[in-house]
Amino acid sequence: MATTDRHLTSSVPAATLALAHALSAAERGLAVIPLSRTKLPALPSPHRDDPPWKPRCHGECGLPGHGVYDATTDPRRIRALFAAAPRATGYGIACGLPPHHLIGVDLDTKSGTDSSASLRELALRHLFTIPETVVVATPSGGRHLWLSGPPDVVVPNSAGRLAPGIDIRGAGGYLVGPGSRTEHGVYSTVLGTAHLPPAACPPALLRLLTPPPRTHHPTPGPPGHHGLGLVQFVLSAHEGQRNTRLFWAACRAYESGLGDTLVDALTDAATRTGLTAREARATIASAARMTCGG
């Protein structure tokens, strides 16, 4: 993995450095996308003006701007993405894709909790150890641990579900790559870990990261295009807007007479974005009370 010499790179444009680091990551089999200084995808969505009920496009239209779904290891495509995003200052690494099926364990420090201690307590309680692996230091003092998952297991994204201050980046998520510049500083690989491959996720930890399959109860019938659009609207939520989107979608569902029919589908969609089932059902119940006057 590329390292950065501050003296040699101080005069190099941030976009050029980001592209170089992204290409280096792609050589290791890591699919990448350009990121802005805010850590969000640098390319605007071609569907940003679409109505909320329209099914979400994951790149089927052939245009760039689909976030993590643009991720690639093809050097030509990477250069094209960065050429379309000249203000990119970093790159994201898609999780859950072959060959590594990357799982990111984000040990945050902003919440005021000792997330590293929480992880150690989990390891002691569930009898696993974190193997030597790639560790990336964040500008806020946090750490990203890179682990590799089995190809037949889908690890969902979650925020604080494993323990306070520990977020998980799995399928459909991405990690900020080392060498990326953000408005808060630079992400860098911790000394002595850059040469390591992502270590296999311990089985006991993997079990904690993969909740048991939910039981799907039969519904009176298919929700139709409007119902599917509301579900897609919830699925497209980013962290910080999940409850808002779920509440809006649930209100529209009850207003159109689909509320009870869509409860399970909306709950399932919300949990896929990182909410717990209890949080999701509470939000849906609030929408029902407000909309139906209950």
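This text gives an overview of the structure that appears in the document.

Parameters and conventions
- Residues numbered from 1 in each chain as written.
- Predicted model: local features only at pLDDT ≥ 70, side-chain atom pairs only at ≥ 80, totals over all residues.
- Heavy atoms only, no water.
- Core = buried A, V, L, I, M, F, W, Y, C linked by side-chain atoms within 4.5 Å.
- Buried < 20%, exposed > 50% of the residue type's maximum accessible area, 1.4 Å probe, protein only.
- Helix = DSSP H or I, 4+ residues; strand = E, 2+ residues; numbered from the N terminus.
- Contact = heavy atoms within 4.5 Å.
- Salt bridge = Lys/Arg side-chain N within 4 Å of Asp/Glu carboxyl O.
- Pairing = 2+ DSSP bridges.
- Axes fitted to C-alpha atoms, helices over the stretch in contact; angles between N-to-C directions.
- Parallel < 35°, antiparallel > 145°, perpendicular 65-115°, else oblique.
- Left-handed = near helix turned anticlockwise from the far one by under 90°.
- Nonpolar A, V, L, I, M, F, W, Y, C, P; charged D, E, K, R; others polar.

Thoughts on the nonpolar core
Counting residues in hydrophobic clusters, the biggest one holds 31 residues, and the most contacted among them are Val32, Ile78, Phe82, Tyr91, Ile93, Leu102 and Trp146. Breaking this core down by element, the ones donating at least two residues are helix 2 (14-27), strand 1 (32-35), helix 3 (75-83), strand 2 (90-94) and strand 8 (174-176). By residue number, the principal contributor to this core is helix 2, which donates five residues. Dropping the residues within four chain positions of it, valine 32 is found in contact with Ala22, Ala25, Asp70, Ala71, Thr72, Ile78, Leu81, Tyr91, Gly92 and Ile93.

Quick look at the pattern of salt bridges
As enumerated under the stated definition, the model contains five salt bridges in all. For aspartate 74, the salt bridge goes to arginine 76, with nearest N and O atoms at 3.9 Å. Close ionic contact of arginine 169 with aspartate 167 constitutes a salt bridge, the shortest N to O distance being 4.0 Å. Each member of the pair arginine 169 and aspartate 167 is classed as buried. Salt bridges linked by common partners bring Asp106, Asp167 and Arg169 together as one network.

Side note on the sheet that holds strand 2
Spatial strand order, 1-2-8: three strands in an open sheet with antiparallel pairing. Both edges of this open sheet fall to strand 1 and strand 8, since each of them pairs with a single strand only. For this sheet, the mean angle separating the axes of adjacent strands, direction not counted, is 35°. Taken together, the four bridges between strand 1 and strand 2 define a ladder with antiparallel strand orientation. In the strand pairing of strand 2, isoleucine 33 is matched with glycine 92. Of the strands in this sheet, strand 1 and strand 2 are in contact with helix 2, which crosses strand 2 at around 20°. Where helix 3 meets the sheet, it contacts strand 1 and strand 2, and its direction lies at approximately 15° from that of strand 1.

What to know about the packing of helix 2 against helix 3
Where helix 2 contacts helix 3, the two axes come as close as 10 Å, and the packing angle between them is 155°. What the angle tells us is that helix 2 and helix 3 run roughly antiparallel. By crossing handedness, the relation of helix 2 to helix 3 is classed as right-handed. Mapping the contact onto sequence places Ala15, Ala18, Leu19, Ala22, Leu23 and Ala26 in helix 2 and Pro75, Ile78, Arg79 and Phe82 in helix 3. Grouping the amino acids of the contact of helix 2 with helix 3 by side-chain chemistry returns nine nonpolar, no polar and one charged.

Geometric descriptors of this kind do not, in isolation, establish any biological role.
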